[in-house]
Amino acid sequence: MPVPNNSGGSVAVLGAGPAGMAAALSIAQAGHEVTLYERYREARPAGNILNLWPPPLKALRALGVDTEDLGSPTDTEFRNLRGHVRVHVRQDPETKRAYGGGFIGLLRPELYERMLAAIPPDTLRFNQQVNRIEQNDHAVTLHFADGTAAEHDVLVGADGIDSLVRRTLWGDALKREHRLHIFGGFTFADVPGTEPNKCVLTHSRTVQGSWTSIRHKGRDGHQWWVLTATDPDAPAPSDLKAAATALAAEFPAPLPGLIDRTEPDDVQRWVLRDRPRLRQWSKGRATLVGDAAHPTSPYAAYGAGMSVEDGYFLGRALRGVDLGDLTAVQHALRSYENPRKPHTARQVQQAWMLGKVFHHAPALLRPVRDFIFDHTPLLQKVAGDTNPREIQKQLALIRD
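In every chain, residue numbers begin from 1 and rise along the written sequence. Confidence filtering applies because this is a predicted model: local features only for residues at pLDDT of at least 70, side-chain atom pairs given and counted only at 80 or more, and all residues used for totals across whole chains, interfaces and linings. With hydrogens and water stripped out, all remaining heavy atoms of the structure feed into the side-chain values.

The name an unreviewed UniProt entry gives the protein is NAD(P)/FAD-dependent oxidoreductase, with Streptomyces neyagawaensis as the organism.

A. Up close: the overall build of the protein. In this description a helix means any DSSP run of H or I spanning at least four residues, a strand means any run of E spanning at least two, and both kinds are numbered starting from the N terminus. Looking only at helices and strands, one finds 11 helices and 17 strands in the protein. For the radius of gyration, the atom set is restricted to C-alpha positions; the globular benchmark scales as 2.2 Å times the number of residues to the power 0.38. Taking 21 Å as the expected radius of gyration for a compact globule of 400 residues, we find that the protein reaches 21 Å, a close match to that expectation. Along the first, second and third principal axes, the C-alpha set of the protein runs to 65 × 45 × 35 Å. Any residue under 20% of the maximum accessible area for its type is buried, any over 50% is exposed, and the rest in between are partly exposed; the area is computed with a 1.4 Å probe on protein chains only. Counting every position in the protein, which comprises 400 residues, the buried fraction comes to 56%. Two residues form a contact once any of their heavy atoms are found within 4.5 Å. Considering only intrachain contacts with a sequence separation of at least 6, the fraction spanning at least 24 residues in the protein is 77%.

B. The sheet that holds strand β8 (residues 130-135), seen in detail. The strand order across the open sheet formed by 3 strands is β8-β9-β10, and the pairing between neighbours is antiparallel. Two strands bound the open sheet, and with one partner strand each, they are β8 and β10 (149-152). Across the sheet, the axes of successive neighbouring strands diverge by a mean angle of 20°, strand direction being ignored. Strands are treated as partners if at least two bridges between them are detected by DSSP. Here 5 bridges tie β8 to strand β9 (residues 140-144), and the two strands are oriented antiparallel to one another. Along β9, the bridge assignment pairs Gln135 with Val140. All axes are obtained by fitting lines to C-alpha atoms, using only the stretch in contact for helices, and the reported angles, taken between N-to-C directions, cover 0 to 180 degrees.

C. Representation of the layout of surface pockets in the model. Using a 1 Å grid laid over the protein atoms alone, points where a 1.4 Å probe fits but cannot get out form a cavity; open sets with protein on both sides within 12 Å along at least 5 of 7 lines form a pocket; any residue with an atom within 4 Å of a point counts as lining. Grid points are joined across faces, edges and corners, and a volume is the space filled by probe spheres set on the points. The computed volume of the second largest pocket comes to approximately 240 Å³. Every element with two or more residues in the lining of the second largest pocket is listed here: α8 (303-317), α9 (326-359) and α11 (378-397). When its residues are assigned to classes, the lining of the second largest pocket shows 6 nonpolar, 2 polar and 5 charged. Three categories are distinguished: nonpolar for Ala, Val, Leu, Ile, Met, Phe, Trp, Tyr, Cys and Pro, charged for Asp, Glu, Lys and Arg, and polar for the others, with Gly belonging to the last.

D. Representation of a nonpolar patch on the surface. Only residues whose relative accessible area exceeds 30% and that form no salt bridge enter a patch; like-charged residues are grouped when within 9 Å of one another, and nonpolar side chains (Val, Leu, Ile, Met, Phe, Trp, Tyr) when within 5 Å. Only the protein chains shown count as cover for residues, with accessible areas throughout obtained via the Shrake-Rupley method and a probe of 1.4 Å. Put simply, a salt bridge is a Lys or Arg side-chain nitrogen that is within 4 Å of an Asp or Glu carboxyl oxygen. On the surface, Leu365, Val368, Phe371, Ile372, Leu378 and Val382 cluster together to form a nonpolar patch covering roughly 500 Å² of accessible area. Put simply, the parts of the chain that give the nonpolar patch at least two residues each are α10 (366-375) and α11. Of the residues forming the nonpolar patch, the biggest block, 3 residues, is contributed by α10. By relative accessible area, Val382 is classed as partly exposed at 30%.

E. Broad picture of empty space enclosed by the protein. Inspection of every chain in the model, using the stated rule, returns 1 cavity of 30 Å³ or more. Put simply, the largest cavity is a space of about 40 Å³. Lining the largest cavity are Ile161, Asp162, Ser163, Arg166, Arg167, Gly171, Asp172, Ala173 and Arg275. When the residues that make up the lining of the largest cavity are grouped by side-chain class, the tally is 2 nonpolar, 2 polar and 5 charged.

F. Molecular detail of helix α4 (residues 108-118). All of the buried residues along α4 are Arg108, Glu110, Leu111, Tyr112, Arg114 and Met115. Check the buried side of α4 and you find it contacts α1 (18-29), β3 (49-52), α2 (54-62), β6 (103-107), β14 (208-216) and α8.

G. Seen up close, the pattern of salt bridges. Here the structure, examined in full by the defined rule, presents 23 salt bridges. Among the ionic pairs, Lys341 bridges to Glu337, the shortest N-O distance being 3.0 Å. Here Lys341 pairs with Glu337, and both are found in helix α9, just 4 residues apart, close to one helical turn. Through salt bridges with shared partners, one network takes in Arg82, Arg86, Arg205, Arg369, Asp370 and Asp374.

What follows is the structure, encoded as structure tokens:
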């Protein structure tokens, strides 16, 4: 494997998920040579269903990604089993005009295809398994499983929750078990009870059952998910669709019908985990983006979106930076991570807390919790008002 020429500013990005692809696009726009290393033989999505809020959509557009007809804009409500609306996620009218809704519902493979199409030629290298990383004041060296090595000025760890880059920089840390799992799937069947451009999150005493509009390659459909407590060490159910069907039995239409019309191969399951918050993402010439920095529960519906934002902001921080100058690199990496840490930490912790409140509350407290959610504005303030204001703040920071 040839060693890149460092004189022009060379950056290695490890991992070709949304965080890595966004980082590669933004760093290339900053004028640096970038190589995106992927350990698999293709950039493959880790799941199927996906939601993207307006800030990552704005970032994708700035990065040159085609977002035309990408996903279905949605309007979001939280409801109880009787259909009572607990939360309506408020939307700024101007943002709704620009992006169509609170978030878009789509399938993850289409996002990958759109981002891959924007990656500059010869940037992405597949089958690149990195076993070891070293750095000094002058460079970062990647050591590959085939015995070769590559040297770069800067390393970006976009290698997910089990990040080698994170372990190399900060040591290992146990994952935090949420003791929850989620079943999710999608269908393009016409199911009674669905509404166009809608996302409905419904909670029973112990289960969340939700659905949202999607658009995938010009086709309109719906994605759904059911989420409940689990023992993370327990084996996965042998029939994922049957397990999801049982969890959704108490929920109103259209959720049971959506699951019924979903092909078994289009159902997936995830056990929810994250990692302890890092005080610092960067060290020397290396930094982290996406799940490598802040793995996030799907309860936030923002993991992929924050990953895209990370990549965007990292590239902007490296604009005009002499990558041969260690002090300049360290300053740029701090200027990238410092504004991101409070925002991402808030999303991760809110997702963790919502999981505990809805799925791990003691049985005697659940009626009290539900009474508060049904008869006070508490949940509206937390999920319907505060989070949209945070979205507006992030939109304002994306200035392209």
